[in-house]
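Each chain, letter by letter, is given below.
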Amino acid sequence: MTTAAPHDLEAYLEPFGLSSFRPGQREVIETVLAGKDCLCVMPTGGGKSLCFQLPAVARAGVTLVISPLIALMKDQVDVLTARGLSATYINSTLTPEEQTRRLSGMASGDYKLIYVVPERFRSPRFVEAVGRSDLRLLAVDEAHCISEWGHDFRPDYARLGQFRAQLGNPPTIALTATATDFVRRDIAQLLNLREPEIFITGFARPNLHYGVQPCPTDRDKDEAMFRLLDGTPGSGIVYASTRKRCEELGQKIVSRTRRPTTVYHAGLAPEERRAAQDDFMQGRTEIAVATLAFGMGIDKADVRFVVHYNLPGSVEAYYQEAGRAGRDGQSAQCLLLFGGGDRHIHEFFIESAYPSREVVAQVYEFLCSLGQNPIEMTQQEVKEALNLQIAAEGIGACEKLLESSGVLERLEAAENTAAVRLNSDLPTLVDLLPQQAKIKRQVMRAVEQLVGAQRQQWCYFQPRELLARLADFDSGDLSRYLRELTTLSAFDYVPPFRGRAIHLRQPGRPFEELEIDFEKLERRKAAEYEKLEHVLRFARNHRCRQQEILSYFGETDSEPCGHCDNCKSVAQGGRHGAAQAPTQKVLDAVRMVLSGVARVSRSRTGCGKQLLAQMLCGSNAKPVTRNRLDKLSTFGLLAHLKQPEVVQLIDALLICGLLEQTEIEPFRPVLRLTARGGEVMSGPDDAMPRLSLPEALWRKLDPVSAAKKSRASKAAAPRPATPAARPPAGEIPPALSARESALVAPEVAQPMREASQVAPAGSKPAEAPPQASHYWTWRLLAAGFSPDECAAIRGLSAAVVFDHALRAADGGLEVDAGWFLSRDLISRIEQVVGPTAPAKIRPLLERLPRGTRYEEVQLVLHARRGKSARI
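Cut-off values and rules
Residues numbered from 1 in each chain as written. Predicted model: local features only at pLDDT ≥ 70, side-chain atom pairs only at ≥ 80, totals over all residues. Heavy atoms only, no water. Helix = DSSP H or I, 4+ residues; strand = E, 2+ residues; numbered from the N terminus. Contact = heavy atoms within 4.5 Å. Salt bridge = Lys/Arg side-chain N within 4 Å of Asp/Glu carboxyl O. Buried < 20%, exposed > 50% of the residue type's maximum accessible area, 1.4 Å probe, protein only. pLDDT = per-residue confidence, 0-100. Core = buried A, V, L, I, M, F, W, Y, C linked by side-chain atoms within 4.5 Å. Phe/Tyr/Trp six-rings, centres within 6.5 Å; stacked < 30°, edge-to-face > 60°. Lys NZ or Arg CZ within 6 Å of the ring centre and 35° of its normal. Pairing = 2+ DSSP bridges. Axes fitted to C-alpha atoms, helices over the stretch in contact; angles between N-to-C directions.

Visitor: Can you walk me through the side chain of Asp-803 in this structure?
Guide: With respect to the helices and strands, Asp-803 occurs in helix H34 (residues 798-810). Residues in contact with Asp-803, not counting those within four places in the same chain, are Ser-595, Arg-599, Ser-633 and Thr-634.

Visitor: I would appreciate a short explanation of the pattern of salt bridges in the present structure.
Guide: Side chains that differ in sign of charge can pair as their charged atoms come close. Applying the stated criterion across every chain yields a total of 41 salt bridges. A salt bridge links Glu-393 to Arg-243; its shortest N-O distance comes to 3.8 Å. A residue pair is termed long-range when its members are at least 10 positions apart, and Glu-393 in helix H16 (residues 392-404) and Arg-243 in helix H10 (residues 243-257) qualify at 150 residues. Of the residues examined, Glu-393 reaches a relative accessible area of 49% and is grouped as partly exposed. Note on Arg-243: relative accessible area 39%, which makes it partly exposed. Here Arg-259 makes a salt bridge to Glu-286, at a shortest N to O gap of 2.7 Å. Of this pair, Arg-259 sits in the loop between H10 and strand S10 (261-264) while Glu-286 sits in the loop between helix H11 (270-281) and strand S11 (287-290), and the two are 27 residues apart along the sequence. Overall, the relative accessible area of 12% leaves Arg-259 in the buried class. A single salt-bridge network, built from bridges that share partners, covers Glu-10, Arg-26 and Glu-30.

Visitor: Explain the confidence of the model for the protein chain here, please?
Guide: Should pLDDT be low for a region, the predicted coordinates there are not to be read in detail. Looking at the protein chain, pLDDT values average 81 and 85% of them are 70 or higher. Per-element averaging of pLDDT across the protein chain places helix H30 (residues 738-742) at the bottom with 34 and strand S12 (residues 303-308) at the top with 96. The model gives residues 1-5 a pLDDT under 50, and that stretch makes 14 contacts with residues more than four places away or in other chains.

Visitor: Mind showing me how you'd approach the nonpolar core here?
Guide: By size, the foremost hydrophobic cluster in this structure holds 94 residues, and its most contacted members are Leu-64, Phe-121 and Leu-402. Ignoring anything within four residues of it in the chain, the contact list for Phe-121 reads Leu-64, Ile-66, Val-116, Phe-126, Val-127, Leu-160, Phe-163 and Leu-167. Formed by 53 residues, the second largest nonpolar core is a distinct cluster that contains Val-590, Leu-611, Leu-632 and Leu-658.

Visitor: I tried to follow the packing of aromatic side chains on my own but got confused; where do I start?
Guide: How two aromatic rings sit relative to each other is given by the distance of their centres and the angle of their planes. On inspection of all chains with the given rule, the structure shows 12 aromatic pairs. Aromatic pair Phe-121 and Phe-126: ring centres 5.3 Å apart, planes at 90 degrees, arrangement edge-to-face. For the pair shown, Phe-121 and Phe-126 are each scored as buried. Ring centres of Tyr-210 and Tyr-318 lie 6.1 Å apart, and the angle between their planes is 50 degrees; on these two criteria the pair is classed as tilted. Taken as a pair, Tyr-210 in strand S8 (residues 208-214) and Tyr-318 in helix H12 (residues 315-322) lie far apart in primary sequence, 108 residues in all. By relative accessible area, which is 2% here, Tyr-210 ends up buried. Feature note: the residues Phe-203, Tyr-319, Tyr-552 and Phe-553 constitute an aromatic cluster, connected by ring pairs. Over the ring of Phe-280 we find Lys-300; its NZ or CZ atom is 5.3 Å from the centre of that ring.

Visitor: What exactly am I supposed to notice about the sheet that holds strand S15 (residues 418-422) here?
Guide: Adjacent strands of a sheet form backbone hydrogen bonds with each other and so pair up, either parallel or antiparallel. Across the sheet, 3 strands lie side by side as S16-S15-S17; this open sheet has antiparallel pairing. Unpaired on one side and paired on the other, strand S16 (459-461) and strand S17 (491-494) mark the two borders of the sheet. Between one strand and the next, the sheet's axes are offset by a mean angle of 20 degrees, whatever the strand orientation. The sheet contacts of helix H17 (residues 438-451) involve S15, S16 and S17, and relative to S15 the element is tilted by about 90 degrees.

Visitor: Even after reading the chapter, I still don't get unusual backbone geometry, so can you show me in this structure?
Guide: Trans is the common state for peptide bonds, and a negative phi is the common state for residues other than glycine. A positive phi is found at Arg-258, a non-glycine position, where the angle reads about 65 degrees. Along the chain, the position of Arg-258 falls in the loop between H10 and S10. By relative accessible area, Arg-258 is classed as exposed at 67%. In this structure, Arg-628 takes a positive phi of about 60 degrees despite not being glycine. Mapped onto the elements, Arg-628 comes out in the loop between helix H25 (622-626) and helix H26 (643-655).

This is the structure:
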């Protein structure tokens, strides 16, 4: 093996247009040249490709590069050949003759670098040709695709370890920009790497300015996007999740900014996609509006901004896509526009990518029922025929699963081409036809001439190519005779079809006999949902964005970047990054939200974040009144906050696991209490986890403690408390010590002392933990203080005092409806309710005085139940 000495490596940089190595490259290249296996984790734009391209140039033999996308190969090879390096690719875009020529060239050493997709290893002919070549290095690019837990898992990638063994376990380098520690271990294990050297150059991109902008509506997203575009010259990428959205945004950007813009997505013809990409790369257009595949493997150095109009599906995907900005090391903006509906888009994609057993069975039975072979229906046509609530790509996922079980095969899509396969090694199939079938025999001879030695595999051709070998035939006659020849078991034919035709191999086989691992599919689906939860937490969190990304990838000791949106907010006295233990006042607000979720869940099927925020803020919007949410005791409890602030509080509770979002119907998430959320709502105060909120919201929820914290942070030494100082609102200890009394204003201290010393006569022992906030409100009420006095003493609103009374009653403490309601109203409620507790309360409200609330009836029933218990 010919290698380059380490001190000579710089001499090989010139063909790549480089004068020096980037951090980490030299060490990786030296390991590769030493013939050792290695795993290289290098950030997007860090120069991973050089780590296998330079060794390929520096020594004899072939380097085989596994790359995920056919669309990228030609670009990568074109760049290498333009630099005078011998490189090529082998994929399905080539004619069979050209594939054969390049395979021969690989075996004879004509190429240094050969790019293929992992699916190419399905071909025995390809594996045999690689075995005859002087293979010195196997480079697996985007290696995270190997792992079932990676963000872009592909089954053919996972089988590369088996193929590597078939090839004699050549030295291998696996490369990725986005892999957690778990995925890195998975890559090494599945590739069977031998004591691999692992290089991690770091995920920090200090020149990138990350930002997340919450946008409840698309109009908000448009405004935020245009603010960035108006203030950021130069080239940039706007990512959207669907083709339709790309088209819409492209038109809006051109109309609003007049900047040259191109659109790129999979719905465009190949030549249109290539033209769009070339225009962007060459600077003929400034802005590319694209779906997520755009930019993979493309090294455009001067991208000044990346906008995610929709939430990406994982932190890995976000990091990779945002990392396409600022590869020249200059400052670049990365803006994520986060709207509530983004989650549903990805849930739709996940459900489509991992279809259930029932959906796969439906698709299979439908295909078998058509009585056609091959089947020329597009995925969209199958979806519409079955009226399935998944994307057309979900039909493709079903077809892939069925193909893996061996009952069908998906034929390559080739516009206006036909395909034929001769499944026999007989010298000729003509002898299988009757002597009198002269025309069919003539067609068969022409087919055999066209196929040549390419037996047992599909041969694609233009119909005119076959017609040229036949005299006095028109295309209609030829198609008919080719179809008739399919009655031979050794002859397969697929007519020209713009989509990807399906060939049924075992059309009568029962679905129950198919070997499809649905348990594994469910595990992968769960992993995708977990990735989605991580990126949702990233979007909602108030920690430094760079720290959050680095922590996700295992770097836990990083410092704040200082220039993401959260870091800037901290510097300006706004948001903070670290979670902290909430004061009692903040805890009360948390419990109002949790109680609101619980009460909405009891009264109806649930609601989303925006509707809950409207209800808690006391909005009279139609959705609130139509669903009678204005009748709940939690209505208006957070009226002193703005709805976006309540949404921030809800997001914080989602992050720390007190709430979760579930679906009662497809793609309509509603809020639900988690078990931990239920514990915090009605349990001890110490059940509450630390909470991360915008600093402005902390101050609004608890101005007193916020002010104390601010003064303390500014003081060089602790200052003694003054007698008039007041503790954080709502913090009432079981008994006031002398020291604590000195901290409380005189007009508040006496009632607090009385509340801590007086227990109502005949009351049961407190069943709620003494730390619970509602317990101390109940003790004040039971000691004879009015609701208004309780509100003043505890620093609560009247509505919260009422809610605390209900919660105390729910916990088994005795309450008196007379604390809140007039005797006349109590009497009227008693008359309407009758002697026994009603099954439903809501129908009774129509017979009660106008304005009577559901919770007021609840309070009377609780009070009556408590009296009965005493008797």
